[in-house]
Amino acid sequence: METATIPAELEAYWKQLDCGFPRVEPVFAECMRDALATLSKEGVAAYVEHARFLGKMGRGAEPILIFLEKWPAVAKALGEDALPAVMECIRRMWKSPNGNSITPFLQSLPATARRLQSLQQLRSYLDIVLDFMERTTGSIHGIHQTFPSPGLSSLFKQAPVLLGQLSLEGLKNWVEYGVRYYKDHPDRQIDYFGLQSADSRAVLQRERHGTLLVDNERKLDMYLRGLWHDESHLIPYSGAFDELRKPVPYYDKLGIRLPDAYDDFIFPSPASGRGVGGEGAQGSPLSNSLPHCGREGERLPAGEIVISGLDRYRAVLAHIAGHRRWTTAIFADNFSPFQRMAVEFLEDSRVEYLAMREYPGLHRIFTALHPIPAENACDPEQESGVRHRLALLSRAILDPQHPYQNPQIVEFAQRFHDLMQHSDMSTSEIAELAVSFVAKTRRQSDQLAKIHFKDTVVEYRDDNRQMWKFIEEGDEEEAFDEPRKIEPGKEITGLPPRHYHEWDYHNQSYRPDWVSVYEALHPPGNATDIDRLLAKHGALAKRLKKMLDLIKPQDKVRIRYQEEGSELDLDVALRSLIDYKSGAMPDPRINMSHKTSGRNIAVMLLLDLSESLNEKAAGCDQTILELSQEAVSLLAWAIEKLGDPFAIAGFHSNTRHDVRYLHIKGYSEGWDDRVKGRLAAMQAGYSTRMGAAMRHAAHYLEQQQADKKLMLVLTDGEPSDVDSKDGRMLIEDARQAVTELDRQGIYTYCINLDRKADEYVADIFGQQYTIIDRVAQLPEKLPTLFLSLTK
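Our subject in this report is the structure included herewith. Remember, it's a predicted structure, so these values are computed and weren't measured experimentally.

Thresholds applied
Residues numbered from 1 in each chain as written. Predicted model: local features only at pLDDT ≥ 70, side-chain atom pairs only at ≥ 80, totals over all residues. Heavy atoms only, no water. Helix = DSSP H or I, 4+ residues; strand = E, 2+ residues; numbered from the N terminus. Buried < 20%, exposed > 50% of the residue type's maximum accessible area, 1.4 Å probe, protein only. Contact = heavy atoms within 4.5 Å. Salt bridge = Lys/Arg side-chain N within 4 Å of Asp/Glu carboxyl O. Pairing = 2+ DSSP bridges. Axes fitted to C-alpha atoms, helices over the stretch in contact; angles between N-to-C directions. Parallel < 35°, antiparallel > 145°, perpendicular 65-115°, else oblique. Nonpolar A, V, L, I, M, F, W, Y, C, P; charged D, E, K, R; others polar. Phe/Tyr/Trp six-rings, centres within 6.5 Å; stacked < 30°, edge-to-face > 60°.

A short note on the environment of Arg589
Topologically, Arg589 is positioned in the loop between helix H21 (570-581) and strand E17 (591-597). Classification of Arg589 as partly exposed rests on a relative accessible area of 37%. Along the primary structure Arg589 and Leu568 are separated by 21 residues, whereas in three dimensions their C-alpha atoms are 9.5 Å apart. Leaving out residues up to four positions away in the same chain, Arg589 has contacts with Tyr561, Gln562, Glu563 and Val572.

Written out as structure tokens, the structure is:
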């Protein structure tokens, strides 16, 4: 294969990268195009600058290769602002004895980014990682760090699994347990953070609680779109890292911010039947007993009711969607802090009232989650009661059967309902009611520094930052970046890499986003070369045509000897008449019927184009590649005659960072000169990373509408690659790929040209393979084998 060259428009970036690793140059152009399409101009500059640093820090080619391939996807998930935090973490590992953990850290980053989904979450995750590194990195005399952290690399390898089951708070607790008990036991620390020890899995199970946003994002997104016609992006945050000021949900131009996990909420049902699930006051628009939003509350043995974490998410989204639909921002400059607080409480009540009027089932969830403050809980002589009075009013508005006796609470709750029954009101009108409430209930003790907070926090409500606007903008106002665009004059060609997992049989788990597959259209060649090959095998083609005529689909096939049928079978009827005239028992099966006979098969022919195909075939003057061209040409001709949809693709690999997938024929193309030209131009080189190529081929085959989907893999050796030292690793990954394809309904069959294939091919394909010892017979055997498989 020809050495990759850098396109002219990317030469400046290549010179800036100043990389001497031969493995980087073949993939640089595709990576750079992906970055130009994804990142801003400043982001591209930082991308190349930090890639240069990774290539110069003395850790080989792996860090820079991984960064070049993975960072655009990470930046797309987390934003370009995540790069400084990531590089700071890498630098701290580089300056410590933990430099060997940089590669697994970068490798786990894309999967980690998909689970975290926000810059705030990433920073919290990196805080956990760096704290763990500092506490487990050893030293001889307690002054300079000397020994790397035994469990850091294992932690990075398991990070996608851990974040798939734990919130960041749960991850922090899980890591803390391992550090506390195994800080001075390197081997046990490796087992713990590699999820190999029993207590590691036990603590993981203990910390697995609550409903994770990332696991239910699709459901919530459909809920938001279907009920509220809102397409905002859902962004998680963690509440485990800010003990002084717990974050609360909010929304801005980038999306809706929600906690990364919610536990089920257990609510004690009042003995009077009031509250959760209870009916509202007669005549109230909220008293209708309609189907609830989400699943019904489960009654516990003690009469309690549990609201699931998913319903808690729905409550937050309903509240925020109500704000986005009905709240209009008003100026905050002329309101005092107490007045602003009152406006926020009553505006929250207004949008909830309107939301419940549209979807009455929300009343059950809101009533269960809203706190019920005791009327006399606040001592006005010792603490400020503004929040307490507003929480009482909010609860009284939500629950018309409230027990409160305070005349002002009762009065304003009734005024609220009266106003809402006549009109929806507006944010500015509700602000007038709120100011009136503050003025009428004001006390001298409201100025006390001690504020009564118990049962005043309504956790499903947002922080109301979007309902205020300011005459004079200050430093606290947010600024948002312009949409990212490709630099003028830079036309992007080619496709960005697709990343696939790879099976690690040692840990019995996947390495996420481990392999990068680059796909392209195979370069063209001379179509007449294929025509000459077909003419060379003219006699074989004639024999194949006879076989094809036997199995070729017919529009209608006769079914004879039927007692009942669509028409008379004259031959049988005449014989029956003769039997009858001669006194013998006539055959009653004198009718015939018809049935439609057809084939509904989609085929993918996947060709191994590794370097070994350039070797001469045993007992023949031709190379294995040339014989493969002849065999594939005959097979493609045969499949075209049958009318089955089929595609042809070739693959080879040069480490996991550079798996090439070359399209020779697509499903929508016919067997024409363009396809023949690509087949004639086939060249062999590099290695055989089979599992990734099969997964990518399945990506196209599974989209075909067919009753049977067949993938034929033509190879001359076992899966291997230059960066895989374990000979079983890629064999086991290919076997796992076959299992995955089988679950997708794809039948995989291997035609192997290796005489020693018995040692490994059954491990990969089970009984679904054929070994052709005499490669010279390939052009004859391959089409025949296909016909027998699809008969």
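Quick notes on the pattern of salt bridges
Using the criterion set out here, one finds 46 salt bridges in the structure. Here Glu62 and Arg656 are joined by a salt bridge, their closest N and O atoms 2.7 Å apart. Of this pair, Glu62 sits in helix H4 (residues 62-78) while Arg656 sits in the loop between strand E19 (646-653) and strand E20 (659-665); the two residues are 594 residues apart in sequence, bridging distant segments of the chain. On the basis of relative accessible area, Arg656 is assigned to the buried category, the value being 2%. Salt-bridge contacts for Arg560 lead to Asp571; the nearest nitrogen and oxygen are separated by 3.7 Å. Here Asp571 lies in helix H21 and Arg560 lies in strand E15 (residues 554-562), a separation of eleven residues in the sequence. A network of salt bridges, in which partner residues are shared, links Asp131, Arg135, Glu176 and Arg180.

Quick notes on the pairing of strand E13 (residues 498-504)
For E13 and strand E14 (residues 509-521), the ladder comprises six bridges, and the chain directions are antiparallel. Residue pairing for E14: Glu502 is matched across the bridge by Arg511.

Concerning the packing of helix H3 (residues 41-56) against helix H5 (residues 82-95)
Interaxial distance between H3 and H5 falls to 12 Å at its minimum, and their mutual angle equals 10°. Here H3 lies roughly parallel to H5, going by the angle between them. Every residue of H5 that contacts H3 at Ala46, Tyr47, His50, Phe53 and Leu54 is listed here: Leu83, Met87, Ile90, Arg91 and Trp94. Residue composition of the contact of H3 with H5, by class: eight nonpolar, one polar and one charged.

What about unusual backbone geometry?
The residue Asn464 is not glycine, and still its phi comes out positive at about 65°. Within the element layout of this structure, Asn464 appears in the loop between helix H18 (427-441) and strand E12 (468-469). For Thr655, which is not a glycine, the phi torsion comes out positive at approximately 75°. Mapped onto the elements of the fold, Thr655 is located in the loop between E19 and E20.

Structural notes on the sheet that holds E20
Within the open sheet, the eight strands sit side by side as E13-E14-E20-E19-E18-E21-E22-E23. Their pairing is mixed. Here the strands that pair on one side only, and so sit at the sheet edges, are E13 and strand E23 (769-771). Neighbouring strand axes in the sheet, compared pairwise and without regard to direction, differ in orientation by 25° on average. On the sheet, helix H22 (residues 624-642) packs against strand E18 (601-608), E19 and strand E21 (708-715) and is oriented at approximately 155° with respect to E19.

Topic: the packing of aromatic side chains
The geometry of an aromatic ring pair is captured by two quantities: the separation of the ring centres and the angle between the planes. Under the counting rule described, the total for this entry stands at 21 aromatic pairs. Relative to Trp71, the ring of Phe67 has its centre 5.9 Å away and its plane inclined at 15°; by these criteria the two rings are stacked. Placement of both Phe67 and Trp71 in helix H4 is noted, with a separation of four residues, approximately one turn of the helix. By the burial criterion, Phe67 is buried, and Trp71 matches it. On the basis of an interplanar angle of 80° and a centroid distance of 5.9 Å, the ring pair of Tyr353 and Phe416 is categorised as edge-to-face. You can see Tyr353 sitting in helix H14 (residues 337-358) and its partner Phe416 sitting in helix H17 (residues 407-422), a full 63 residues away along the chain. Like Tyr353, the residue Phe416 is buried in the burial classification.

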